[in-house]
Amino acid sequence: MISLRPFARAVQACRGSVAIAAACAVLAGSAACARRVVPGPAARDAAWWWWPSTGAPQNGPSVPLVYVLSGTLDTLARSRWPASVPPAARYVLVWRGERRAVPTGDTVRPLVAAYTRVTSEARAAGASVGGLQIDIDVPTASLRSYAVWLDTVRRALPPGTTLSVTGLLDWFRDGTAIARVADAVDEVVPQFYDIEPRSTMPGIAHPVDLATWLPRLEALERPYRLGLATFGRIERVESVNGRTTRLAFRDLTPLDLVERFTRLGDVAATAGRERVVTFIDPSAGPHRRTYQLLVPPADAVGSGHALMAACGRWCAGVAFFRWPAAHESLVVGPRPEKDGHGNRVPTLDVEPMTCAPLWCADVTLVTQGRFPEHDAEIVLESSTPVRLVQAASVN
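Residues numbered from 1 in each chain as written. Predicted model: local features only at pLDDT ≥ 70, side-chain atom pairs only at ≥ 80, totals over all residues. Heavy atoms only, no water.

Turning next to the packing of aromatic side chains. In this structure the tally under the stated criterion is 16 aromatic pairs. Both rings, one in Y193 and one in F231, keep their centres 6.1 Å apart while their planes meet at 90°; by these two values the pair is edge-to-face. Of this pair, Y193 sits in the loop between β6 (187-190) and α6 (210-218) while F231 is found in the loop between β7 (224-229) and β8 (233-240), placing the two residues 38 residues apart along the sequence. Under the relative-accessibility criterion, Y193 is labelled buried at 9%. (Phe/Tyr/Trp six-rings, centres within 6.5 Å; stacked < 30°, edge-to-face > 60°. Helix = DSSP H or I, 4+ residues; strand = E, 2+ residues; numbered from the N terminus. Buried < 20%, exposed > 50% of the residue type's maximum accessible area, 1.4 Å probe, protein only.)

What follows is the structure, encoded as structure tokens:
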């Protein structure tokens, strides 16, 4: 049996010093360690995640905070500040762990070095950076070890750096070590999407029942944000010998489905209010192969703001996944500009293109309704003769 007396003496003698943190890391949640106190959020706001791998960001209004994916724990040396980011007042750098396991201790020093380097790159580009977020789907049974690793990271970061962590919803059920994880960080962001096995049913967003979740989140006494989905996807669904598989495609658009496949049945709805439109692939032969178009709710951002307004004392706001890339058609972005009556203002963007010997342009129409419930007819008139109009995409 390991005696706790040496650690208790260390805590008693060095309260408020680094020795307390070291003792608490070893005890990993023992009652001998007082909880680390952090201030509550001063205000609430809406943040966005931005994944540079999706392409250049769509234009949009400046937002209070953007979480920028800067690298992975397996490729720390390749971490960098992206060439273009959504406009924001401040940024938090994100590192993703793909292995779904607690990182080893030897990752801490390279991670902090990468954070310091990328922070310098961002500030050189005029961006304000003040935090680090870790995004790892650690198994619930490993949360206690994860908390020890996070403690080590926090102590190694430059003073004043905010440490944030994303969280699986399973972490917050009864009997887990989520309190230890929360104690090791300054912010927790539970992700209310993609929690069901992809092979069972379509759906992305998980309904947020505040009566269920607020007591669990408020009890942590840590600032938290609700991680919410604002994206859709296209999935190929294939059934062979009673087994269903789903594969998501990023290079297909809704227009591709309409042009290549046959639509089946009525529009269905998921628990998260996504609309599901199913198409069949006639070339699949005896194996049934369909494509499902999952369209996010048109009010995904507005409903997120309503949830934020109803949150508790420790709520810092919401975090939307994710800011859309310029070419994406199934992602709801930040709220657009509105007129004095609260209506979205339609805009028409014309970008000159090089296509000698004719003058040509890309024309983008942003309509009043995002993902309308019913078909709409749009008429564009040209002041001069037009020789060719080609639809490239539907956003």
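The strand order β9-β8-β12-β11-β10 describes an open sheet built from five strands, whose pairing is antiparallel. Two strands lie at the open edges of the sheet, namely β9 (243-249) and β10 (262-269), each paired on one side alone. Neighbour to neighbour, the strand axes of the sheet diverge by 25° on average, direction disregarded. Pairing between β8 and strand β12 (residues 288-295): seven bridges, direction antiparallel. Note on β12: the bridge partner recorded for R236 is Y291. (Pairing = 2+ DSSP bridges. Axes fitted to C-alpha atoms, helices over the stretch in contact; angles between N-to-C directions.)

A regular strand places its side chains so that they alternate between the two faces of the sheet. In terms of burial, strand β3 (residues 88-97) is a largely internal element, eight of the ten residues being buried. Here β3 pairs with strand β4 (residues 129-136) via six bridges, running parallel. Paired with W95 across the two strands is I134, which belongs to β4. Taken together, β3, helix α3 (residues 108-124) and β4 form a β-α-β motif whose crossover is right-handed. (Right-handed = clockwise from strand over helix to strand, strands pointing away.)

Moving on: the environment of R313. With respect to the secondary-structure elements, R313 resides in the loop between α8 (300-309) and β13 (315-321). Taking the relative accessible area as the measure of exposure, R313 reaches 60% and is therefore exposed. Taking C-alpha positions, R313 is 9.8 Å from Y224, a pair spaced 89 residues apart along the chain. In this view, R313 contacts P41, R44 and E218; residues no more than four positions away in its chain are not counted. (Contact = heavy atoms within 4.5 Å.)

Once that is clear, we can look at the nonpolar core. In this structure, W95, Y146, L150 and L226 are the most contacted members of the largest nonpolar core, which totals 67 residues. In terms of residue count, the dominant contributor to this core is α3 (seven residues). Membership of the second largest hydrophobic core comes to 18 residues, among which are W51, L65, V92 and V276. (Core = buried A, V, L, I, M, F, W, Y, C linked by side-chain atoms within 4.5 Å.)

Let us now look at the side chain of S79. Mapped onto the elements, S79 comes out in the loop between β2 (63-72) and β3. Within the structure, S79 has its side chain in polar contact with the side chain of W95 (distance 2.8 Å). The residues contacting S79, other than those within four sequence positions of it, are S70, G71, W95, A114, R117 and V118. (Polar contact = N/O pair within 3.5 Å; in protein donor to acceptor, adjacent residues only side chain to side chain.)

Counted at 1.5 Å a residue, the expected span for α3 with its 17 residues is 24 Å, and the 24 Å between its end C-alpha atoms agrees. Buried residues belonging to α3 abut β2, β3, β4 and α4 (143-156). In the segment just after α3, G126 is the residue with positive phi, at about 90°. (Expected span 1.5 Å × (residues − 1).)

Moving on, we come to α8. Listed in full, the buried residues belonging to α8 are A300, V301, G304, L307 and M308. Burial along α8 is one-sided: seen end-on, the buried residues are contained in an arc of 115°. For α8, the elements touching its buried residues are β1 (45-50), α6, β7 and β13. (Arc of directions from axis to C-beta.)

Under the definition given, this model contains 20 salt bridges. For R225, the salt bridge identified is with E187, shortest N-O distance 3.2 Å. With a gap of 38 residues between them, R225 in strand β7 and E187 in strand β6 connect regions that are remote in the sequence. You'll find R225 and E187 in the same group, each marked buried. Through salt bridges that share partners, R96, E98, R100, D135 and D137 make up one connected network. (Salt bridge = Lys/Arg side-chain N within 4 Å of Asp/Glu carboxyl O.)

The subject of this paragraph is the pairing of β13. The buried count for β13 comes to seven of seven residues, which makes it a mostly enclosed element. When β1 meets β13, the two strands line up parallel, connected through four bridges. Looking at β13, one finds that W48 is bridged to F320. Note that β7 and β13 share six bridges and pair parallel. Within the sheet, the bridge partner assigned to Y224 lies in β13 and is C315.

To continue, consider the environment of P41. By the element assignment, P41 lies in the loop between α2 (18-27) and β1. On the basis of relative accessible area, P41 is assigned to the partly exposed category, the value being 24%. With 274 residues separating them along the chain, P41 and C315 place their C-alpha atoms 6.9 Å apart. If near-sequence neighbours (up to four positions away) are discounted, P41 is found in contact with P223, R313, W314, C315 and A316.

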